[in-house]
Amino acid sequence: MTLWRVIVMSAVLLVVVNIQQAQADRVPGDYVVISYHDIVDSSVTPELDIYSQTITRSRLIEHFNLITVGGYQPVSLQQILDAKAGGQPLPDKAVLLTFDDGYRSFYDIVFPLLKLYNFPAVQAVVGSWLDVPAGGRVPYGNITLPRERFLSWEQVRTLNESPLVEIASHSYDLHYGVVGNPMGNEQAAAVTSIWNARSGYESEAAYLERIRNDMARTQQRFQEQVGQSPRVMVWPYGAYSEATLDIAAQYGMEYTFSLLSAPNQLNDSMRSMNRYLIDQETTLETIEEILSNRVWEMEELRIVHVDLDYVYDPDPIQQEQNLDRLIERISRYGVSTVYLQAYADPDGNGVADALYFPNRHLPVRADLFNRVAWQLKKRANVKVYAWMPVLSFDLGPGYQYVTDVRTGNESPDHYRRLSPYVEVNRHTIREIYQDLGRLTKFDGLLFHDDAFFTDFEDASPNALSAYQRASLPRDINTIRNDEGLMTAWVRFKTEYLTDFTLELAQAANYYRQADNKVFTTSRNLYAVTVMEPRSQRWFAQDMQNFASGYDFVAVMAMPYMEEAENPDAWLRSLAQRSLAQVSADQLVFELQTQNWHTQTPIPSAEIAQWVRILREEGIKNIGYYPDDFHQNHPDINVMRPVFSIGRRFRATP
């Protein structure tokens with residue numbers, strides 16, 4: 001070890017020794033990926049502006065020393081691939097270092113340090129920025145930077161010759177924001193169909209062609225300038241989709257990096273590797289927590305269920321004021337999640353007559369969902385679920401709907417539902433979900449409570465044929481008169497509905513922007529199926545089936561809707577029976593804020609008391625429906641002390 005390195009390491013040793021060392025939280029075969037950007041040596045270039053994610057050279061040295069003293073082992077991408085293929089195992093506490101954007105500081109500052117410490121790293125470059133002529137300006141968000149702030153192709157070639165550096169693509173020209181909706185929100189170019197006031201949204205075909213052209217141009221420029229194609233794509237802003245992963249792989253970039261903050265396991269797919277984003281304000285204590293996998297996350301979920309019908313107004317000025325009021329309320333509340341209605345239901349019958357996003361099959365009441373979801377994500381910092389029907393889309397005549405065997409017609413007592421046994425219906429619904437994923441931004445899906453069959457449904461011809469293919473009688477009355485057949489029929493319908501929703505989740509997720517939140521699913525479950533197990537045959541819903549199919553089971557814990565004589569006791573019993581079947585981590589209890597039988601709001605104090613009861617019984621994830629932010633109901637001042645998650649954190653496993 002050189003004297004210089006000893007001196008530098010000693011200078012930060014006093015800082016490092018006060019940090020608790022990594023324990024056994026890391027497991028063999030895992031690796032943590034760190035994401036850096038520009039590095040500034042303020043003693044040499046004090047005049048340089050420091051942008052977001054920029055850190056100083058001295059801070060980077062502190063990080064490198066922490067890695068060394070803590071026993072962490074920087075590895076290359078090739079070492080990970082070799083270990084994955086059964087070669088030399090990864091060392092314990094493996095770390096992969098990445099640097100984004102292709103700043104010249106990587107060549108001038110980072111590369112010498114990598115050689116000094118013998119640390120491998122990945123450098124991701126933006127091809128179009130490298131192609132800017134000397135003396136030019138590089139577009140950087142809403143400003144431009146001097147071309148000299150970035151690497152040259154010659155420097156890239158030098159770096160590529162080093163065994164310590166893997167040159168990755170950061171796209172050719174996708175590192176910018178595009179207008180993603182009529183309200184002008186800028187969103188990541190790689191995962192957004194561009195909105196144009198004259199021509200509307202970029203078509204699916206045009207969008208895909210734009211992404212393919214970018215990947216092809218990247219491949220071409222790497223071949224011309226470096227002599228080889230990149231095998232790694234680092235997504236700008238960490239934003240990608242299943243579609244962009246597929247396209248990148250077609251052009252040789254089968255390994256990509258996101259900005260989802262989590263460790264990686266060797267047996268994980270490397271289509272999208274998780275990374276932790278680091279900046280100047282990231283403390284050494286936080287770095288240690290990241291490297292040792294002792295990162296903290298919210299212990300419980302608090303969910304507000306928002307109707308977009310409350311936000312919508314034909315007056316755009318009033319609508320924007322409504323949105324601002326909602327964002328302010330959610331931001332102040334201290335909640336983690338919003339279930340956001342993506343369909344229009346102004347008459348409250350639970351059936352989608354129109355949607356709040358562009359699509360191929362239903363009218364658009366207003367192109368509003370993307371705007372509201374994006375603002376909630378960015379301004380209120382919550383996870384946003386798209387709350388969507390499964391079957392209850394009113395597409396008018398020409399489609400087949402669920403029918404009752406007793407009448408041969410649709411039941412007037414239940415939602416109008418498209419029959420999922422009809423392929424044209426399934427195809428249409430899948431396209432609606434795919435349009436949702438391509439043209440809006442969200443983090444999860446909540447499946448509406450319309451995904452059910454009664455014990456007299458579905459009696460459509462296609463449904464009867466499906467039963468026959470499943471070795472069941474084609475006649476529902478025959479099934480109903482035999483207990484064994486009835487049990488098999490209910491199980492078949494339950495699984496059929498669940499399988500269909502999983503198809504819809506896949507359709508919605510194909511173009512959906514993935515960023516720093518994990519895509520999760522939740523499905524509404526009628527409480528009566530928990531309280532009266534025999535009632536499962538009345539709805540074709542089963543809690544344990546839901547638990548195996550979705551990340552969360554959203555129990556509709558609504559005592560007045562169920563006409564409970566003693567709401568408090570009913571909630572306690574529901575909680576106990578639910579926890580006997582499904583873990584608290586997977587359960588969501590959705591309370592009601594309106595008594596729909598009397599058409600009156602439930603007092604905020606009573607709702608708050610329900611939250612206390614559920615917490616006493618061990619229910620961790622609690623939400624309510626609906627939130628009337630116009631009338632401050634429920635009263636945020638009454639609810640916040642019991643409902644806000646505040647600062648309750650837990651260590652991630």
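Scroll up a little and you will see the structure.
J.: I tried to follow the packing of helix α4 (residues 105-117) against helix α6 (residues 153-161) on my own but got confused; where do I start?
T.: Two packed helices can be described by the angle between their axes and the distance between those axes. Across the interface, α4 lies against α6 with an axial gap of 11 Å and an inter-helix angle of 25°. Relative to α6, the element α4 lies roughly parallel. Note on packing geometry: the crossing formed by α4 with α6 is left-handed. Touching F106, Y107 and F111 of α4 are Q155, T158 and L159, all from α6. The class makeup of the residues in the contact of α4 with α6 is four nonpolar, two polar and no charged.

J.: Help me understand the environment of S578 in this model?
T.: Within the secondary structure layout, S578 lies in helix α20 (residues 567-579). Given a relative accessible area of 0%, S578 falls into the buried group. S578 sits 483 residues away from V95 along the chain, and the two C-alpha atoms are 41 Å apart. The residues touching S578, leaving out its near neighbours within four places in the chain, are V530, M543, V555, L587 and F589.

J.: Could you clarify how one ought to interpret the packing of α20 against helix α21 (residues 604-616) in this entry?
T.: Across the interface, α20 lies against α21 with an axial gap of 9 Å and an inter-helix angle of 30°. With respect to each other, α20 and α21 are oriented roughly parallel. Crossing handedness for the pair α20 and α21: right-handed. In contact with P567, D568, L571, R572 and A575 of α20, α21 contributes Q609, W610, I613, L614 and E616. Among the residues forming the contact of α20 with α21, the class breakdown is six nonpolar, one polar and three charged.

J.: What exactly am I supposed to notice about unusual backbone geometry here?
T.: Excluding glycine, residues mostly have negative phi values, and the peptide bonds linking residues are mostly trans. The peptide bond linking E457 to D458 adopts the cis configuration, its omega dihedral lying at -5°. Position of D458 among the secondary structure elements: in the loop between β24 (444-447) and α14 (461-469). The omega torsion across H633 and P634 is 0°, close enough to zero to call that bond cis. Tracing the chain through its elements places P634 in the loop between β30 (621-625) and α22 (636-643). Here the phi dihedral of K93 falls at roughly 60°; this positive angle occurs in a residue that is not glycine. For K93, the location among the structural elements is in the loop between α3 (77-84) and β5 (94-99). One non-glycine residue with positive phi stands out, namely S471, at about 65°.

About the thresholds
- Residues numbered from 1 in each chain as written.
- Predicted model: local features only at pLDDT ≥ 70, side-chain atom pairs only at ≥ 80, totals over all residues.
- Heavy atoms only, no water.
- Axes fitted to C-alpha atoms, helices over the stretch in contact; angles between N-to-C directions.
- Helix = DSSP H or I, 4+ residues; strand = E, 2+ residues; numbered from the N terminus.
- Parallel < 35°, antiparallel > 145°, perpendicular 65-115°, else oblique.
- Left-handed = near helix turned anticlockwise from the far one by under 90°.
- Contact = heavy atoms within 4.5 Å.
- Nonpolar A, V, L, I, M, F, W, Y, C, P; charged D, E, K, R; others polar.
- Buried < 20%, exposed > 50% of the residue type's maximum accessible area, 1.4 Å probe, protein only.

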